[in-house]
Amino acid sequence: MLDDFDRFWTLISALAFFGLGAIWGSFGNVLIYRVPLKKNIAWPGSACPKCQAPIAWRDNIPVLSWLWLRGKCRNCRAPISFRYPLVELLTAFVFAGLYLRFGLSWSLLEYLLFSFGLIVVTFIDLDHMLLPDVFTWPGMAVGLVGALLNPERRFWDAFLGAALGFGFLYAIAYIYLAIRKEEGMGGGDIKLLGWIGAVLGWKSIPFVILASSIIGSVVGIIFAIRTKGGLKSTIPFGPYLVLAALAYLFGGESIGQWYLDLFLPSLISPN
Ligand SMILES: [Zn+2]
């Protein structure tokens, strides 16, 4: 009986986190659109980008309103991008998934905030090839303070993670600049990996670097073939770092440990 009740409660809670994620995703859409344009994020309320008609609350319900209106503005019928419900759904699934993985805990709170920030910067990076400092620096700071407050994490691990993430990409950018005399790695990517290290700890960094490079290479090659633009056609690297970080959060920890064990077995074996 108790088991059934527990399962029922877990399901209800997961649905609640799903709804919470959809609402945060809706706020994420506002940030993705407005922050790069340096617009106020709280005022005025949402409006149709085409006809400027204000969007009523009933037309602003995450995912559902988009479906109900069949992706068109109620006023002028201009199409509303599928991106909006996509970001809402993505955040909803990530929130529910994090709850199921971590349960109600300090870490859950941190990871909700972290993944929300990552989703927002991903879409800003895709739109503008830019990872705004207003997310990366505070993200890193919140990650470090979180490690101090969260009894499930250790500060030195977070600090080392930030230093390693930041330092590794900084070194790569420095070497690339010295050899090629042009900037290869954006400063935003460096800060983003520092942020990831501050939240996920130093052991995540080798995994995130390897996984993001693999995903980035595969996508880059497909992109180069399809556009015939060659490998130089630039795609922002931030989204790959984010994908790798989320993969680590959802189970890559054991893969990351295995990967580390291959190279440094004596240094980090648990006993
Ligand atoms: Zn309109």
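See the structure above.
Here goes a summary of the coordinates provided.

Quick notes on the rules
Residues numbered from 1 in each chain as written. Predicted model: local features only at pLDDT ≥ 70, side-chain atom pairs only at ≥ 80, totals over all residues. Heavy atoms only, no water. Donors = N, O, S within 2.8 Å, 3.2 Å for Na, K, Ca; no water. Helix = DSSP H or I, 4+ residues; strand = E, 2+ residues; numbered from the N terminus. Buried < 20%, exposed > 50% of the residue type's maximum accessible area, 1.4 Å probe, protein only. Phe/Tyr/Trp six-rings, centres within 6.5 Å; stacked < 30°, edge-to-face > 60°. Salt bridge = Lys/Arg side-chain N within 4 Å of Asp/Glu carboxyl O.

**Overview of the coordination of the zinc ion**
The zinc ion binds to the protein through Cys48 (SG), Cys51 (SG), Cys73 (SG) and Cys76 (SG), with metal-donor distances spanning 2.3 to 2.4 Å. Written as a sequence motif, the donor residues of the zinc ion are C-x2-C-x21-C-x2-C. One end of the pair, Cys48, is in the loop between helix H1 (2–34) and helix H2 (64–68); the other, Cys76, is in the loop between H2 and helix H3 (83–102), with 28 residues separating them in the sequence. For Cys76, a relative accessible area of 30% gives the class partly exposed.

**Details of the packing of aromatic side chains**
All chains considered together, the criterion is met by 13 aromatic pairs. Here Phe18 and Phe93 contribute two aromatic rings whose centre-to-centre distance is 5.0 Å and whose plane-to-plane angle is 85 degrees, an arrangement assigned as edge-to-face. With Phe18 in helix H1 and Phe93 in helix H3, the pair connects residues that are 75 residues apart, well separated along the chain. When its relative accessible area of 25% is taken as the criterion, Phe18 is described as partly exposed. One aromatic cluster in this structure is built from Trp24, Phe27 and Phe116.

**Quick look at the pattern of salt bridges**
Two side chains that carry opposite charge are able to pair once their charged atoms sit near each other. Applying the stated criterion across every chain yields a total of six salt bridges. For Arg74, the salt bridge is made with Asp59, and the minimal N-O distance between the two is 2.6 Å. With Arg74 in the loop between H2 and H3 and Asp59 in the loop between H1 and H2, this pair connects stretches of sequence that are 15 residues apart. In this structure, Glu110 and Arg153 form a salt bridge, with 2.8 Å as the shortest nitrogen-oxygen distance. You can see Glu110 sitting in helix H4 (residues 106–128) and its partner Arg153 sitting in the loop between helix H5 (133–149) and helix H6 (155–180), a full 43 residues away along the chain.

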